[in-house]
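# Coordinate inspection notes
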Amino acid sequence: MTVPLDFDAVRLADVSRHFGRRRALSHISLEARRGDILGLLGPNGAGKSTLIGMLATLVAPTSGDVRYGGRSARELGPPLRRQIGLLAHELHLYTELTARQNLTFFSNLYGLDPRPTVELALERAGLADRADEDVVGFSRGMRQRLALERALLHAPRLVLFDEPFTGLDDKAVGLVSARLRRLAADGAIVVLATHDLDLADGLVTRVAVVQSGRLVSDEPASAGLRERYRSLVGTA
Amino acid sequence: MRKLFAPLLIVTAGMFAYAPIVIANTRYESTMFLVQKIFYFHFASWMAWAAAIGVCGVASAFYLFRGSPAGDRLAVAGAELAVLFGAFGLVSGSLWGRKAWGVWWQWDARLTMALMAELIFVSYLLVRKYGGPGAEKLAAGMGIFGAATTPFIYKSVDWWRTIHPQTSVVRKLGDGTVPDMYFAMLYCSVAFLLLFASLLTIRMQLEGRRAELDRLYLALEDPS
Amino acid sequence: MTFAKAAFLVLKKDFTIEVKSGEIVYTTLFFAVSCVLIFAIAFVKEGQPVEGAGAGILWIAVLFAGNLALGRTFERERYGETVRALLLAPAPRAAIYVGKLLGIVLLLLAAECLLVPMVAFLFHAPLFSRPLMLTAILSLGTLGFASVGTLFAAMLVRSRTRDVMLPILLYPITVPVIIAGVLGTSALLQSPVDEPMAQLWIWMLVSFDAVFVTLALWTFEPLMTE
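Here goes a summary of the coordinates provided. (Residues numbered from 1 in each chain as written. Chains lettered and ligands numbered in written order. Predicted model: local features only at pLDDT ≥ 70, side-chain atom pairs only at ≥ 80, totals over all residues. Heavy atoms only, no water.)

Right, let's talk about the interface of chain A and chain C for a bit. Facing the 31 residues of chain A at the interface are 26 residues of chain C. For the pair chain A and chain C, the summed buried surface comes to about 2600 Å²; carbon and sulfur atoms form 64% of the total. Together, Leu58, Arg81 and Leu109 of chain A form the three largest contributors to the area buried by chain A at its contact with chain C, with a combined 27%. Summed over the shared surface of chain A and chain C, the result is two salt bridges. Close ionic contact of Lys20 of chain C with Asp134 of chain A constitutes a salt bridge, the shortest N to O distance being 2.6 Å. Across the contact surface, chain A and chain C share ten residue pairs in polar contact (both at pLDDT 80 or more). Residue contributions to the side of chain A that touches chain C peak at five residues, all from helix H3 (residues 99-109) of chain A. Looking at the side of chain A that touches chain C residue by residue, the classes come out as 15 nonpolar, eight polar and eight charged. (Contact = heavy atoms within 4.5 Å. Buried area = accessible area lost by both parts, 1.4 Å probe. Salt bridge = Lys/Arg side-chain N within 4 Å of Asp/Glu carboxyl O. Polar contact = N/O pair within 3.5 Å; in protein donor to acceptor, adjacent residues only side chain to side chain. Helix = DSSP H or I, 4+ residues; strand = E, 2+ residues; numbered from the N terminus. Nonpolar A, V, L, I, M, F, W, Y, C, P; charged D, E, K, R; others polar.)

Spelled out as structure tokens, the structure:
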């Protein structure tokens, strides 16, 4: 029986990406390890989403490479994606299906036993009583909770969140933050891209600031995140 | 390639300068007389067209699977030349048809198919222009599929009864009874292929300059 | 997660969505039927259908309806960007393509089950004289068209100009399918039935399908990653 694929760290080595004349990312070198909550901070258009896309194997770099435990996505093949979970702004839900159907589909797709997995996910999302309603009727907050559970169904090693707090009320933000902390404590590598400094403050363990495609700083998180960010990026 | 370019250009120019003499020296075809002689350029341009399509298809594959930017440049050059030589073939065919059959256009299978295939490469250029970000990849997909479908288009023509004389003419020319016509056909085909190679080289150099310019723009922003 | 299982899951998911709303199935069928009726108006002279028009009309209806269905199927994946979620599945990415392809083929075959009797009836076309060969031509032609169509619709899913670009790109490439389909079906409509001709076109479709399904399987992943 083969050892299931796993890794301790994901590393971007001198990664660049450009679209014609427009540079999206420029010579970024970054590493995230188990237990880290790495905050990718920066203004809109800085390249955070492109970075997340690269970590998720959806975007290819034009130079440099991304290594998962020392190996590239190409070497590792489809099984690598078993260890990657992505929650982006678009939520990745089929609105024509019910919550249960959405979760069942993705459980099956990841080779998980649907019934126990789906029940647990529904409970965690607090949607057990609305499980058989179409997602189209859910509020933004409910969809977000469902999308969060969908992304984490397969307990991936690398958890990627791209602006997960958009449009959430206070309670929901608290739930998501608590979830992130728990994931990191359980040994996941968490990468969180956001432009909301107040939410990142106190949540992230490392901070990588990206501006105009360049890595401006990569350091452990400390108190006074907003001031530190301002000094690096300016108030523009 | 640089070193070969000047001689290539000279040989091409020379061949084209001499071509009218070669063509004038061929005998008249029995039914169409002088008008038939447009065939030598008409057929030759389809040869160049086929070469352009092949280049576009293979280069697109290199770009798509290997990420080779040179592949992308070669693909766009090939597609533009396919449109160019195809247009030449269609126009010369139309002119010939007017004289030989009395109409500017016939819904003849061969001509229709050539028009369809030409459309593919016009679409290639449209995709590059209007496809938005990532258009080069979409176009590469189009290039590969376009090149792959062209032989099928050609084959469907062969199996569909047609009034178009070409297939039989070419075969007839090859059997040795009309060496001067056969020679003229080959000569013009070679001339057009050399023209294709010259234009391809020029176009590639242009794209190479553009890529260099992009690289400089990007490098400008780097602090290192 | 094997290739076949992943493809089947995608197909099942699309089927589940369709069963609930029926949106694509009903609109596609209705569109195909109205195509045929519109052609009926154009091609019926003095109460008699134009000789031999049946084959062409059948195929045009299938192709137009197919174009619509392709657009709608991938529109569904565009909303909520579920395409990305599918690409993130731990299965070979080409399996997604196969799942979608099967869905489209089944949909078009269902449309053809409706269209063939309709065209036969309205245009006095003896389409049932050689049912096996007709089935072969229709299924192979549908597969050929759908194989290229599914790939192009997928690669255009994030493009702004998708609705316009899909037919522009798709129809020229699938010209051999159109020719083979129409001429093969026409051959079956002659009296007496021109069997060798029909067989010739069937072979053309077989080779087209083999080449293009393979090409699509190869190019799906590179085309879908940015």
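A word on the packing of helix H3 (residues 53-78) of chain C against helix H8 (residues 175-189) of chain C. Residue and element names in this part refer to chain C. At a minimum axis separation of 8 Å, H3 and H8 run at an interaxial angle of 145 degrees. In this structure, the crossing between H3 and H8 has a hand that is right-handed. Within the contact between the two elements, H3 uses Ala55, Gly56, Trp59 and Leu63 and H8 uses Ile178, Gly181, Val182, Thr185, Ser186 and Leu189. Its residues placed into classes, the contact of H3 with H8 shows six nonpolar, four polar and no charged. (Axes fitted to C-alpha atoms, helices over the stretch in contact; angles between N-to-C directions. Left-handed = near helix turned anticlockwise from the far one by under 90°.)

Across its 19 residues, helix H1 (residues 3-21) of chain C extends 28 Å between first and last C-alpha, which sits within 8% of the 27 Å expected from 1.5 Å per residue. Those residues of H1 of chain C that sit buried are Ala6, Ala7, Leu9, Val10, Leu11, Lys13, Asp14, Ile17 and Glu18 of chain C. Next to the buried residues of H1 of chain C lie H3 of chain A together with helix H2 (23-43), H3, helix H4 (82-87) and helix H5 (94-122) of chain C. Immediately beyond the C-terminal end of H1 of chain C, within one or two residues, lies Gly22 of chain C, with a positive phi of roughly 65 degrees. (Expected span 1.5 Å × (residues − 1). Buried < 20%, exposed > 50% of the residue type's maximum accessible area, 1.4 Å probe, protein only.)

Locating Ile120 of chain B in the fold gives a position in helix H4 (residues 109-130). Separated by 26 residues in the primary sequence, Ile120 of chain B and Gly146 of chain B have C-alpha atoms spaced 6.1 Å apart. Once residues within four sequence positions are removed from consideration, Ile120 of chain B is found in contact with Met142, Gly146, Thr149 and Ile153 of chain B together with Pro172 and Ile173 of chain C.

Residue and element names in this part refer to chain B. Within this structure, the stated rule accounts for 18 aromatic pairs over all chains. Pairing Trp46 with Trp49 gives two aromatic rings, centres 5.0 Å apart and planes at 80 degrees, and the pair type is edge-to-face. Pair noted here: Trp46 and Trp49 are both in helix H2 (residues 38-66), with a separation of three residues, about one helical turn. Assigned by exposure class, Trp46 and Trp49 land together as buried. (Phe/Tyr/Trp six-rings, centres within 6.5 Å; stacked < 30°, edge-to-face > 60°.)

As a further point, take the side chain of Thr142 of chain C. Relative to the helices and strands, Thr142 of chain C resides in helix H6 (residues 131-155). If near-sequence neighbours (up to four positions away) are discounted, Thr142 of chain C is found in contact with Trp59, Val105, Leu108, Leu109 and Glu112 of chain C.

This paragraph deals with the pairing of strand E8 (residues 189-194) of chain A. Residues and elements named next belong to chain A. Within E8, six of the six residues are buried, which leaves it mostly tucked inside the rest of the structure. Residue alternation in E8 divides its side chains into two sets, Ile189, Val191 and Ala193 and Val190, Leu192 and Thr194, and both sets are buried. Pairing geometry for strand E3 (residues 37-41) and E8, over five bridges, is parallel. If you follow Leu40 over to E8, its bridge partner there is Ala193. Sheet topology places strand E7 (residues 158-162) next to E8; five bridges connect them, and they run parallel. Paired with Leu158 across the two strands is Ile189, which belongs to E8. (Pairing = 2+ DSSP bridges.)

Here the focus is a nonpolar patch on the surface. All names here are of chain B. A contiguous nonpolar surface patch, about 240 Å² in accessible area, is contributed by Val122, Leu126 and Tyr130. Residue placement: Leu126 occurs in helix H4. Judged by relative accessible area, which is 32%, Leu126 ranks as partly exposed. (Patch = residues over 30% accessible without salt bridge, like charges linked within 9 Å, V, L, I, M, F, W, Y side chains within 5 Å. Areas by Shrake-Rupley, 256 points an atom, 1.4 Å probe, with all protein chains shown as cover.)

This next bit is on the pattern of salt bridges. Pairing between side chains of opposite charge can happen when their charged atoms approach one another. Summed over the entire model, instances satisfying the criterion amount to 31 salt bridges over all chains. Where Asp6 of chain A meets Arg157 of chain A, a salt bridge forms, and the shortest distance between an N and an O atom there is 2.9 Å. Residue Asp6 of chain A is found in the segment before strand E1 (9-19), and its partner Arg157 of chain A is found in the loop between helix H5 (140-152) and E7; the two are separated by 151 residues along the sequence. The exposure class of Arg157 of chain A is buried, given its relative accessible area of 15%. Two residues, Glu133 of chain A and Arg130 of chain A, come together in a salt bridge whose shortest N-O distance is 2.9 Å. For Arg130 of chain A, a relative accessible area of 27% translates into the label partly exposed. Among the charged side chains, a salt-bridge network with shared partners connects Glu96 of chain A together with Glu18, Glu23, Arg72 and Arg76 of chain C.

These figures come from the coordinates and say nothing about function on their own.
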